[in-house]
Amino acid sequence: MSLYNEIGGEGAVNAAVDIFYRKVLKDDRIKRFFDGVDMNKQAAKQKAFLTMAFGGPHNYSGADMRKGHAHLVAQGLNDSHFDAVMEHLGATLAELKVPGHLIAQAAAIAESTRKDVLGK
Amino acid sequence: MSKVVYGGQSYECGESSVLDCLTAHGVAIPSSCRSGVCQTCLMRVVEGEVPDKAKAGLKPTFAAQNYFLACSCYPEKNIEVVLPDAGLGKLDAQVTGVEYLNADILGIRLNPSRPFEYKAGQFINLFKDATTARCYSLASVPALGEALFLNVRKVPGGLVSAWLFADLKAGDTLTISEAAGECFYVSGQPEQNILLIATGSGLAPLYGIIRDALLHGHTGRLSLYHGSYNADGFYLVEELRKLAREYPNFTYMPCISDGEVPAGYAGGMVLDVALADHPDLSGWRVFLCGNPNMVNAAKQQTFFAGASMRDIFADPF
Ligand SMILES: Cc1cc2nc3c(=O)[nH]c(=O)nc-3n(C[C@H](O)[C@H](O)[C@H](O)COP(=O)(O)OP(=O)(O)OC[C@H]3O[C@@H](n4cnc5c(N)ncnc54)[C@H](O)[C@@H]3O)c2cc1C
Ligand code: HEM
Ligand code: FES
């Protein structure tokens, strides 16, 4: 069974998106990156992010991740912000009582995008 | 630099949207909200491709047919565009009544010239002329068989609102579009609590939604907060107080942000008052309409208070 199915598929993404996005928007370290984007549209992007981290179906390449975050890198996006997002991902899954070994797998997928997201 | 071809002419767009580019060159393209909401500026791309952002919010069938919103389209490549033959259909509507709901808000009742499907809380486009339209929300409820009911706030120097205030009388004929928008009541969870917050004429869609929900036998709480600077800014007060007496699950609280607070009113900013009464919104549905600053702050605050993103419906205007 794939990680995505084991975590709970689209249902898990839907359950996670509110919790995850609430954490991100409340975090003074990173919330500025999410300013000025319509919340509902942003929520759709958070879903894309979570689906990806859960190993679910998506069409994003490394180049897409690079391009999609380039304007944020220009605003100073760096490792500390990436770490903050990783923190919220882990905490969200823990809150949803996802078993630790699955959280680790999701974190590894997200971690693998670090270079592209940060444009290194 | 990408070019936009329209009507056999080529235009340099630079950093501007297709809508701004064409109108700056004197081409008349219908528009209204200029922010990707009302779909008045619908166009079709016949050569080349537009960015996905220009299709956000369109029905999948429209997007698949290369329709896009000119106000939200910043082309990355050369494109050729046309005005659509489809889009929200237009129709005539006869004005059956015009009344001042308060000094600044006009109630307009309309009788559409053909059968008209809508949900309370959706909006129509009202045309001043072929290319000038504005969105107005529907405060009427279809199942009650009422005339379409609009609440138009007077905007100083406003093209369409000032025109309506100056001229409109019963018997006139107006051109409107079919109804659109996502801000309406969906039945199926009658026990869910609903918080509704409005400023000014943002009450219009909520007045429709509340009565629609009650008509559907909604049993959860319907908690309405209407904000204004002073007591003169409210309207439909008697109607709402009467509803609150009839339906114990419906409560209405007019909130005054500035100045004297008579009995029966709350003092403070409408969002603050609502959140103080309802600090935990987990599981609630939320409707937010009116002043964009209030609506955007309220989206975030109600989400932080526990409402799920997909349960928050908003029309900023
Ligand atoms: C989904 C939706 C629903 C809506 N529902 C309602 C409703 O139920 N009731 C309601 O009253 N309104 C509603 N609105 C708002 C409505 O559509 C109009 O925006 C409003 O009536 C103002 O239109 P207007 O033509 O009178 O003013 P406009 O001419 O559009 O002017 C608006 C403001 O901009 C200023 N302005 C205009 N042109 C310029 C310029 N070139 N440069 C700088 N400033 C300028 C004007 O002075 C004025 O302050 C809704 C909007 C949306 C998007
Ligand atoms: C942890 C690895 C990350 C992954 C896998 C990831 C993935 C994604 C995806 C899939 C999108 C949607 C793209 C689209 O469809 O347009 C997106 C958008 C976005 N991401 Fe990330 N992201 C990551 C880290 C971050 C970080 C660290 C930040 C900032 C703190 C961030 C901020 C954003 C913002 C603001 C958008 C929306 C961009 C816009 O539309 O303006 N992301 N991300
Ligand atoms: S003017 Fe483009 S969607 Fe309203």
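Bear in mind the structure is a predicted one, so any value in this text is a computation, not a measurement. Throughout this description, residue numbers start from 1 for each chain and increase along the sequence as written. All chains are assigned letters beginning at A, and all ligands numbers beginning at 1, according to the order in which they are written. Given that this is a predicted model, residues contribute local features only at a pLDDT of at least 70 and side-chain atom pairs are listed and counted only at 80 or more, while totals for whole chains, interfaces and linings are drawn from all residues. Side-chain numbers here rest on the full set of heavy atoms in the structure, without hydrogens or water.

## Considerations on the domain arrangement of chain B
Many structure descriptions define interface size as the accessible area lost when the parts assemble.
Residue and element names in this part refer to chain B.
Inference 1: Splitting chain B by domain gives domain 1 (3–82), domain 2 (90–177) and domain 3 (194–316).
Inference 2: In this entry, domain limits derive from an automatic or database-based domain assignment. Once you take the C-alpha centre of each, domain 2 and domain 3 turn out to be 23 Å apart.
Inference 3: Any pair of residues with heavy atoms lying within 4.5 Å of one another is described as a contacting pair. Between domain 2 and domain 3, the residue contacts involve 17 residues of the former and 16 residues of the latter.
Inference 4: A quick way to say it: buried area is the sum, across both parts, of accessible area lost when two parts are put together, with a 1.4 Å probe. Taken as a group, N102, V141 and N151 account for 29% of the area that domain 2 buries against domain 3, more than any other trio of residues on that side.
Inference 5: Criterion for a salt bridge: a side-chain nitrogen of Lys or Arg within 4 Å of a carboxyl oxygen of Asp or Glu. Inspection of the domain 2/domain 3 interface yields 1 salt bridge.
Inference 6: Between E146 and R211 there is a salt bridge whose closest N-O contact spans 2.8 Å.
Inference 7: Polar contacts, as counted here, are pairs of nitrogen or oxygen atoms within 3.5 Å of one another; within protein the pair requires one atom able to donate a hydrogen and one able to accept it, and residues that are adjacent in sequence qualify only if both atoms are side-chain atoms. Between domain 2 and domain 3 we count 6 residue pairs in polar contact (both at pLDDT 80 or more) in total.

## Regarding the confidence of the model for chain A
Inference 1: Residue-level confidence of the predictor is what pLDDT reports, using numbers from 0 through 100. Averaged over all residues, the pLDDT of chain A equals 90, while 99% of them reach at least 70.
Inference 2: Element-level pLDDT for chain A is lowest in helix α3 (residues 39–53) of chain A, with a mean of 82, against a maximum mean of 96 in helix α5 (residues 79–95) of chain A. The numbering of helices and of strands both runs from the N terminus, where a helix is a DSSP run of H or I of at least 4 residues and a strand a run of E of at least 2.

## As for the site of ligand 1
All names here are of chain B.
Inference 1: It suffices for a single heavy atom of a residue to lie within 4 Å of a molecule or strand for the residue to be listed as near it. Every one of the 18 residues lining ligand 1 counts as a neighbour, but R134, C135, Y136, V160 and S161 are closest to it.
Inference 2: Between ligand 1 and the protein, one listed contact pairs an oxygen atom with a side-chain N or O atom of R134 at 2.7 Å.
Inference 3: Taking L159, its main chain carries an N or O atom lying 2.8 Å from an oxygen atom of ligand 1.
Inference 4: Against a free-state accessible area of 970 Å², the protein chains account for coverage of 62% of ligand 1.
Inference 5: Of all elements in the fold, only β9 (132–137), β10 (148–153) and α3 (159–167) reach the threshold of two or more residues within the shell around ligand 1.
Inference 6: Considering every element that reaches the shell around ligand 1, the biggest residue donor is β9, with 4 residues.
Inference 7: Residue classes in the shell around ligand 1 are distributed as 10 nonpolar, 5 polar and 3 charged.
Inference 8: When residues are assigned to domains, the shell around ligand 1 turns out to be shared by domain 2 (90–177) and domain 3 (194–316), each giving three or more. Calculation of accessible area relied on Shrake-Rupley with a 1.4 Å probe; when residues are assessed, cover is drawn exclusively from the protein chains displayed. Amino acids are sorted into nonpolar (Ala, Val, Leu, Ile, Met, Phe, Trp, Tyr, Cys and Pro), charged (Asp, Glu, Lys and Arg) and polar (every other residue, Gly among them).

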